[in-house]
Each structure stands twice: as C-alpha cells, then as structure tokens.
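Coordinate inspection notes
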Amino acid sequence: MGNVFALLTPLIHGLVKLAGLTPQTIEIVPGTLMSIWVPKETVTGKDQNIVYVPPTKPAVLLLHAFALDGVFTWFLQVLALTREYSVYVPDLLFFGSSITNRNERSVSFQAEFVARGMRVLKVEKVTLVGLSYGGVVGFKMAKLYPELVKSMVVSVIEVTESISLDFYKQFGFIRWSDLLMPTTIEEVKISFSFGIHKLPWIPDFVYRHMLETMYNNRKERNELLEDLVIPDKDATSYTSYSQEIHMLWGDYDKIFNVDHAMSMKTRLGDKTTLDWIKDTGHLVQLEQPFKYNKRLKWILEHWPALLTFNTKEEMQSGKLNSNIMHALCGGVKATANGLRGLGNQVG
C-alpha cells in the first residue's frame, strides 16, 4: 500500500481547487521561494507572464502550525471561507515547497517572508488567522507590518523562557523539538496526543507514513525551533499591537492551557478578546473543524460582537462575558440576523 498522505495530497488539492484556489510559486528574493495557494481570480496570464491583481473580497491569510504544511492544516477552513473571502494559504519557510538559501531562521525572517509574498500578490490588508507556530509568526507580522495586518485570530501565546521551562519540567522534555520534531512512530503518537484532546485510535502505518512525509527539512526546522523562545523581559505588553486580536482556544489545550491564554489576553489589553471551543485540544481547527469554522466566520463577520468569558470557570459553565452585551448595544437587530444566518451555515 502506498503512503496514505501521498494518496491524500491530490484529493485535498483537488478539493481546494474546486473551492477556487490555485497553487503558485513566487520568488521573494533570489534563492527564496514561497509556495502558496491564492484565489484563482487574482492570477492573470500564464507561465512567465503571470500577473497578480488585488483581491476583490476581504483577504484572509491562514498561517499553519509546525507539523503540517499550509493546505493540509487549513483545507477544511478553505472550503468554508472562499465564498465570502479571498483566502491565501502559504507554506512557511521549510514547509511544503517553500525554501530559502539564506541562513536566517528567526520568526522575524518568517514574518518578512510572508509580508513580502503578500506584496508580490498585491494584497494590501489582511485578517491573519494563525495556529500555533503560524500564530507566533502572525504576532511578529502584526508588530512589524501593522499597515498589512488589519486584525488577527490566533490560537497561540508568546513562547517565553519561563513558559517553556515549565512545560519541559511538567512533561519531561528538554527542548521544543522533542515534541515537534519526532523521530519514531511512538514520538509521532506523543506529539499528536498533545495536539488533540480526544485522539482516536489510528493504526501505526498512518503514523509511519506521517513520519516519512511530514517532517522533512529537519536541520532547518530544528533551527527554527531554537529561535522560537523569547526572553521573559521581551514579553508583550498592551502597547505592542495596534490591531484587534481575537484568541480562539481549545479548552483542553495541553501545550498552552487556558490560564496561559487568559494571562496573554490580560497583557494584550482591551482590544483583545478570548473564546473557547469546548472539548478540544491545541489543534482546534482539526479536532473540531465545524465548530471552529462557525466561530471563525462569526468573528470575521461580526467583530467585535464576540462571545467571550472572564474566567475558566465561566467557560466551563457556559456563561457569557458582559462584553458581549456592550458589543450588542445599538445593534441587536443586526446581530440577531447574523446569528440566524450562522445557524443556517454548515461549515
């Protein structure tokens, strides 16, 4: 039997093409190439005469986590979003076919890489949706390129020294690569058990195929992880970002738990909101894709009228934050119509 992921790739690519995206490879600078899925209506010409035109719908930029490339991470969200939004799904450097001959491995370099790609594609403003490592890159983009990043939906906190050390001590790791760059089938199982709250039984050959196909560019990715952790003194304050930020979490995230998320929200200040999806782990968009998609659509359509919680206890009991009442004042009718429309959506 062939590799499961090699067999799935053309199927997923076909679905994403049917949703209106097309794969492109663009040169950022000589020696640095980005593979990215873009709205097909933004691509004119062919071969050496391709010209990119600005999107005609609001642009949404999806940045992937560390295990999978862009389209494998986000294809279920692509299918849900492309009717109303111009969706862009890049592979970050050393994932998929994105590559560079430069020696930089910093989060800042990844942020510059994506921002330059958006410039080539004639995208002036985006709502950035970042999962895990993609969210880390997203925060850096928001800080360095505020004119590009209009708002963010993220499922990650800043990876500080103290948070990292606490995680290593609690679970017996020495570095992040112990979790995120597995070398055996058992280590792949452990990695995904941290990412998914209720991990179903999966046969070993699937984990083996994943190990064979999803963890290439090992040297470079390990170097990316070495640069991931920031000193505590450089942690974010509320003055760091001009954008509205929505933190969308799994309430059983084993890597960055809800308490970490609430602490990050406090540091980010009043422009930041926080929401949970119940019974879900770190890879929230993969474990509960329909709930995630509905929540993401709600956020994109009705910002800042968002459902949030003040405490973990309120989240568990299902109580609403009073902020929602303030957001609804003066717009009850419009919000009710939005909620009825949300109830009719399947994705």
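The following paragraphs examine the structure supplied in this document. (Residues numbered from 1 in each chain as written. Predicted model: local features only at pLDDT ≥ 70, side-chain atom pairs only at ≥ 80, totals over all residues. Heavy atoms only, no water.)

Looking at the overall build of the protein
- Looking only at helices and strands, the protein has 15 helices and 11 strands in total.
- Residue burial in the protein is summarised as follows: out of 347 residues, 52% are buried.
- Counting every atom, the protein has about 15,900 Å² of accessible surface; 56% of that belongs to carbon and sulfur. (Helix = DSSP H or I, 4+ residues; strand = E, 2+ residues; numbered from the N terminus. Buried < 20%, exposed > 50% of the residue type's maximum accessible area, 1.4 Å probe, protein only. Areas by Shrake-Rupley, 256 points an atom, 1.4 Å probe, with all protein chains shown as cover.)

Digging into the nonpolar core
- Core analysis: the largest hydrophobic core is formed by 105 residues, its most contacted members being M141 and M247.
- Sort the elements by how many residues they give to this core and helix α3 (residues 107-120) lands first, with seven residues.
- When near neighbours in sequence (up to four residues on either side) are disregarded, M141 contacts L61, L63, A111, V114, A115, L128, P146, L148 and V149. (Core = buried A, V, L, I, M, F, W, Y, C linked by side-chain atoms within 4.5 Å. Contact = heavy atoms within 4.5 Å.)

What about the layout of surface pockets?
- Estimated volume of the largest pocket: approximately 470 Å³.
- Considering the residues around the largest pocket, the lining is formed by 20 residues, among which F5, F192, I202, M210 and L286 are closest to the centre.
- Contributing elements (two or more residues each) for the lining of the largest pocket: α1 (4-18), α2 (70-81), α8 (204-213) and α11 (284-287).
- Among the elements that line the lining of the largest pocket, the one with the most residues is α1, at six residues. (1 Å grid on protein atoms, 1.4 Å probe; cavity = no way out; pocket = protein on both sides within 12 Å on 5 of 7 lines; lining within 4 Å. Points joined across faces, edges and corners; volume = space filled by probe spheres on them.)

Points about a nonpolar patch on the surface
- On the surface, a nonpolar cluster with roughly 460 Å² of combined accessible area is contributed by L8, L11, L15, L18 and L79.
- Sorting elements by how many residues they give to the nonpolar patch places α1 first, with four residues.
- Relative to the assigned elements, L8 resides in helix α1. (Patch = residues over 30% accessible without salt bridge, like charges linked within 9 Å, V, L, I, M, F, W, Y side chains within 5 Å. Salt bridge = Lys/Arg side-chain N within 4 Å of Asp/Glu carboxyl O.)

Some points on α1
- With 15 residues, α1 should reach 21 Å at 1.5 Å per residue; the first-to-last C-alpha distance of 22 Å fits that figure.
- Buried residues of α1: F5, I12 and V16, and no others.
- Its side-chain oxygen 2.8 Å from the backbone nitrogen of F5, N3 forms the N-cap of α1.
- One or two residues past the end of α1 sits G20, with phi positive at roughly 110°. (Expected span 1.5 Å × (residues − 1). Polar contact = N/O pair within 3.5 Å; in protein donor to acceptor, adjacent residues only side chain to side chain.)

Looking at empty space enclosed by the protein
- Tallied over the full model, the rule gives three cavities of 30 Å³ or more.
- Each pocket or cavity is described by its volume, and for the largest cavity that value is around 250 Å³.
- In terms of lining, the largest cavity is formed by 19 residues, of which the most central are F66, S132, L180, I255 and H282.
- Counting residues per element, the ones that place at least two in the lining of the largest cavity are α4 (133-144), α6 (177-180) and α7 (185-195).
- At three residues, the largest contribution of residues to the lining of the largest cavity is made by α7.
- Residue composition of the lining of the largest cavity, grouped by class: 15 nonpolar, four polar and no charged. (Nonpolar A, V, L, I, M, F, W, Y, C, P; charged D, E, K, R; others polar.)

Describing unusual backbone geometry
- A positive phi is found at F94, a non-glycine position, where the angle reads about 75°.
- The topology assignment puts F94 in the loop between β6 (86-90) and β7 (99-100).
- Taking relative accessible area as the criterion, F94 reaches 2% and is therefore assigned buried.
- Phi at D279 is positive, roughly 55°, even though this residue is not glycine.
- Residue position: D279 is located in the loop between β11 (272-277) and α11.

So, the packing of aromatic side chains
- Evaluation of the coordinates by the stated rule reveals 14 aromatic pairs.
- Ring geometry for W176 and F256: centres 6.0 Å apart, planes at 50°, overall tilted. One end of the pair, W176, is in the loop between α5 (161-171) and α6; the other, F256, is in the loop between β10 (244-250) and α10 (258-268), and 80 residues separate them in sequence. The pair W176 / F256 is uniform in exposure class, with both members buried.
- Taken together through their ring pairs, the aromatic side chains of F167, Y168, F171, F173, W176, F194 and F256 make up a single cluster. (Phe/Tyr/Trp six-rings, centres within 6.5 Å; stacked < 30°, edge-to-face > 60°.)

A word on the pattern of salt bridges
- Across all of its chains, the model carries 10 salt bridges by this definition.
- Sharing partners across several salt bridges, the network here consists of R105, K219 and E223.

Here's the deal with the pairing of strand β2 (residues 32-39)
- Here β2 lies mainly inside the structure; seven of its eight residues are buried.
- Strand direction decides the pairing type here: strand β1 (residues 21-29) and β2, joined by eight bridges, are antiparallel. Directly across from I26, in β2, lies its bridge partner M34.
- What sits between the antiparallel neighbours β1 and β2 is a turn of two residues, in which G31 has the positive phi angle 90°.
- With two bridges joining them, β2 and β7 adopt antiparallel strand pairing. Across the sheet, T32 pairs through a bridge with T100, a residue of β7.
- Of the pairings in the sheet, the one linking β2 to β6 comprises two bridges and is antiparallel in character. (Pairing = 2+ DSSP bridges.)

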